[in-house]
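What follows is the residue order along each chain.
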Amino acid sequence: MSHHREPLFAAESGGAPAGNGGDRAVELAADALIIVPVRNFVLFPGVVMPVVIGRPGSIAAAQQAVRLGRQIGVLMQRGPEEAEASPLNLHRMGVVANVLRYVTAPDGSHHLICQGEGRFYVEEFVREQPFIAARIRRIDEPEDQSRDIEARFVHLQGQATEALQLLPQAPQDLVAAVTSATSPAALTDLVAAYIDASPDEKQDILETIDLRARMGKVARILAQRLEVLRLSQEIGRQTKASLDERQREVLLREQMAAIQRQLGEGDGKAQEMTELNEAIAKANMPQEVEQAARKELRRLERMPDASAEYGMIRTYLDWLIELPWGLGEDAPIDIAEARRILDEDHFGLDKIKTRIIEYLAVRKLAPESKAPILCFVGPPGVGKTSLGQSIARAMGRAFGRVSLGGVHDEAEIRGHRRTYVGALPGNIIQAIRKAGSRSCVLMLDEIDKMGAGIQGDPSSAMLEVLDPEQNSTFRDNYLGVPFDLSRVVFIATANMLDTIPGPLRDRMEIISLAGYTDSEKLQIARRYLVRRQLEANGLKPDQAEIDDAALMAIIRSYTREAGVRSLEREIGRALRHIAVGIAEGSAEKAHVGVDNVGELLGPPRFEDEVAMRVSVPGVATGLAWTPVGGDILFIEATRTPGSARLILTGQLGEVMRESAQAALSLVKSRAADLNIDPVLFEKNDIHIHVPAGATPKDGPSAGVAMFVALVSALTGRTVRNDTAMTGEISLRGLVLPVGGIKEKVVAAARAGLTRVLLPARNRRDFEEIPEDARERLEFVWLERVDQAVAEALEPVASKPKQAASA
């Protein structure tokens with residue numbers, strides 16, 4: 001500050017500076033100390049620090065001390081907000097200091113350079129005007145050279161040194177003073193003077209006379225500040241590394257851009273943004289969707305290529321651009337051609353074909369009509385899935401397929417939110433994008449096999465998809481914008497309806513597919529399966545042929561199913577044997593007849609069990625419904641000496657066991673009419689068994705068959721081997737209606753039976769029975785169980801056979 005022209009006064013000069021009271025002396029007792037009050041500042045012994053003074057009393061005190069060459073006492077004011085200092089608002093302990101310099105700055109402010117000498121305590125104040133003076137008691141620094149003090153000294157010196165090293169621009173003089181300090185008290189006061197602490201904390205340290213306690217307070221405050229400095233340095237290092245990496249990346253990208261410009265490739269990002277902008281304009285998006293796409297495009301333009309979010313937004317825009325938002329022009333509807341295509345691809349299935357033709361006719365008359373939502377229910381292998389492709393071809397539409405079997409996550413339907421890494425739209429939107437048309441045929445395969453899990457219930461998510469009133473604004477979580485599904489023809493497939501929730505089932509038009517009869521399987525094999533297996537096995541039509549008798553033998557002796565999958569596999573096996581011979585050169589052409597089916601496929605797997613099973617009394621043929629189609633089952637009854645017990649075996653369910661009990665009670669009540677001795681019930685156990693024992697069975701529809709089997713066993717009359725029956729019974733002898741009539745009748749025809757006994761109240765199901773089965777079977781409609789006995793049992797023989805056990 002030597003460049004200023006203010007007078008400088010040394011403590012020993014004795015000169016009087018210009019200022020207030022400069023020309024008059026103030027009498028002061030020899031033992032009185034001039035007090036300079038300060039705000040928010042604490043001076044420590046042995047430390048040189050500047051003191052700014054501005055109040056008249058402080059200026060007068062400083063000038064008087066310089067004029068008289070006397071020391072001053074620096075006391076901190078208790079309340080810094082108070083304008084004037086007084087004995088009442090000053091601390092009692094301060095530091096005696098020498099005034100090294102007194103400087104008056106050009107702006108009129110006054111500065112003191114003071115060096116603390118030692119602590120003092122104010123005994124009493126002796127003057128308040130024009131400055132404060134007090135009689136004091138000096139406090140000597142205690143001498144303590146114990147090992148504890150020495151250890152604290154070493155620790156504090158290490159802390160202070162580390163803190164100075166962490167500071168970005170630490171004064172070298174201060175570093176030297178700390179490292180060369182030899183006195184614990186002097187080091188403690190030096191560190192306290194420069195530490196980042198509040199004035200009250202420093203005043204507390206100044207007033208702590210005990211050296212050990214004082215060093216502990218300073219060490220604690222310094223430890224806190226040291227931790228902050230360490231964290232600050234680590235944060236600074238990480239930030240610098242990040243900035244360095246970013247600067248390096250920016251530099252490399254600038255160099256890459258310069259290289260591309262030199263090669264004439266231009267600005268790749270600008271070109272990419274232009275292409276995206278043009279693609280959005282051509283995508284024919286609705287206004288809401290286009291606004292969302294352009295908003296994301298603006299974000300993408302401002303984002304660096306290396307950003308993690310850049311790829312996420314780019315993928316999102318690609319999805320929006322590639323989805324078929326527009327309808328396009330529909331092909332003209334030719335109903336005759338559609339009927340021809342459906343007949344060409346599938347045999348039978350008249351109900352489904354009629355429903356598709358109806359939709360096409362309505363669509364031709366009302367182009368804005370909503371698409372149907374169909375559900376095909378039937379056993380495996382009857383052609384539900386392949387029907388979807390055929391319907392799409394008949395309607396001239398694109399085809400998409402979504403497999404729902406085993407899906408248990410709602411996000412599989414509605415998609416994941418874009419905040420997740422690797423997020424994608426749901427299967428519905430993905431299938432439509434793959435199909436490339438918003439008016440496609442979308443098959444929802446195995447809709448009955450969806451399950452719920454901790455990720456949500458996909459069946460509930462399907463409610464919006466399959467509701468014509470809602471799906472025009474279907475919102476996928478990934479897209480975040482509505483997508484119109486109202487023109488999509490949804491076709492669901494299922495094996496059973498029981499596992500489909502009621503609200504979801506209510507949204508679909510259910511069309512049941514029964515299993516095929518033998519004659520239908522023969523037609524399917526002749527028209528489709530043989531041709532397909534010839535191609536699959538590399539054979540030409542003139543190299544191998546299978547006649548109808550051989551196909552019927554395969555159907556009846558090597559397969560037992562509602563569909564035709566096993567039949568196609570067996571045809572493939574036979575053709576592969578022929579292919580081996582042709583490939584080896586041992587044959588050029590082969591014909592498969594009924595005589596050599598056994599040579600190609602081995603011994604028959606299935607036999608006609610009906611005649612064999614019912615050739616003895618006590619065995620009746622029942623009809624059952626299963627998830628894979630209808631089937632026949634045998635009810636076997638016998639009596640053995642015992643104590644009137646009813647024994648039930650064959651893994652029967654609770655309802656079926658109750659049906660057996662009801663059948664026995666009904667036989668007992670009609671024993672006289674049936675010519676059965678009542679004593680038989682008292683001295684014999686009745687045993688009812690339903691093969692196969694490993695298969696669980698349940699339901700009330702075997703009531704009639706159990707009643708007939710019991711009557712046969714107790715009367716010795718054999719049940720007709722060409723007859724099967726189904727129906728629930730009551731204790732009044734009524735035959736009650738049951739379900740699954742179509743599947744059961746088809747199973748009876750497939751098993752070679754010629755008569756079926758059905759409840760009379762099931763006549764309403766007669767029209768659903770396939771025409772082929774109706775022609776092959778004789779139908780007997782039962783009102784009461786007496787009719788069943790009359791129709792099912794053989795006439796009374798001259799000598800009844802004893803009931804036999806199966």
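Residues numbered from 1 in each chain as written. Predicted model: local features only at pLDDT ≥ 70, side-chain atom pairs only at ≥ 80, totals over all residues. Heavy atoms only, no water.

Draft legend 1. Main features of the packing of helix α11 (residues 350–365) against helix α12 (residues 384–395). Between α11 and α12, whose axes approach to 11 Å, the crossing angle comes to 30°. Considered as vectors, α11 and α12 are oriented roughly parallel to each other. Where α11 crosses over α12, the handedness of that crossing is right-handed. Packed against α11, whose contacting residues are Ile 352, Ile 356, Tyr 359 and Leu 360, the element α12 presents Leu 387, Ile 391, Ala 394 and Met 395 at the interface. Of the residues in the contact of α11 with α12, the class split is eight nonpolar, no polar and no charged. (Axes fitted to C-alpha atoms, helices over the stretch in contact; angles between N-to-C directions. Helix = DSSP H or I, 4+ residues; strand = E, 2+ residues; numbered from the N terminus. Parallel < 35°, antiparallel > 145°, perpendicular 65-115°, else oblique. Left-handed = near helix turned anticlockwise from the far one by under 90°. Contact = heavy atoms within 4.5 Å. Nonpolar A, V, L, I, M, F, W, Y, C, P; charged D, E, K, R; others polar.)

Draft legend 2. Representation of the packing of helix α2 (residues 147–166) against helix α4 (residues 184–194) within the structure. The geometry of α2 relative to α4 is characterised by a closest axis approach of 10 Å and an angle of 35° between their N-to-C directions. For α2 against α4, the interelement crossing comes out left-handed. Seen from α2, the contacting residues are Ile 149, Phe 153, Leu 156, Gln 157 and Ala 160; seen from α4, they are Pro 184, Leu 187, Thr 188 and Val 191. The class makeup of the residues in the contact of α2 with α4 is seven nonpolar, two polar and no charged.

Draft legend 3. Structural context of the sheet that holds strand β9 (residues 441–445). Strand order in the open sheet made by the five strands is β8-β9-β12-β7-β13, with parallel pairing throughout. Two strands bound the open sheet, and with one partner strand each, they are β8 (399–403) and β13 (509–512). Strand-to-strand twist in this sheet, taken as the mean axis angle between neighbours without regard to direction, amounts to 20°. In the sheet, β8 pairs with β9 via five bridges, with the strands oriented parallel. Bridge pairing links Val 402 to Leu 444 in β9. (Pairing = 2+ DSSP bridges.)

Draft legend 4. Representation of the packing of aromatic side chains within the structure. Applying the stated criterion to the full structure yields five aromatic pairs. Consider the rings of Phe 766 and Phe 779, whose centres lie 5.2 Å apart with planes at 85°: the pair is edge-to-face. Of this pair, Phe 766 sits in the loop between β23 (755–759) and α26 (771–776) while Phe 779 is found in strand β24 (residues 778–782), placing the two residues 13 residues apart along the sequence. For Phe 766, a relative accessible area of 25% corresponds to the partly exposed category. Here Phe 779 falls in the buried class, since its relative accessible area comes to 16%. Feature note: the residues Phe 766, Phe 779 and Trp 781 constitute an aromatic cluster, connected by ring pairs. (Phe/Tyr/Trp six-rings, centres within 6.5 Å; stacked < 30°, edge-to-face > 60°. Buried < 20%, exposed > 50% of the residue type's maximum accessible area, 1.4 Å probe, protein only.)

Draft legend 5. Structural view of unusual backbone geometry. Residue Gln 129 is joined to Pro 130 through a cis peptide bond whose omega torsion reads -5°. Tracing the backbone shows Pro 130 in the loop between β5 (110–127) and β6 (132–139). At Asn 40, a residue that is not glycine, the phi angle is positive and equals roughly 55°. Within the secondary structure, Asn 40 sits in the loop between β1 (32–38) and β2 (48–53). The backbone of Asn 284 sits at a positive phi, close to 60°, despite the residue not being glycine. Mapped onto the fold, Asn 284 is located in the loop between α7 (268–282) and α8 (287–301).

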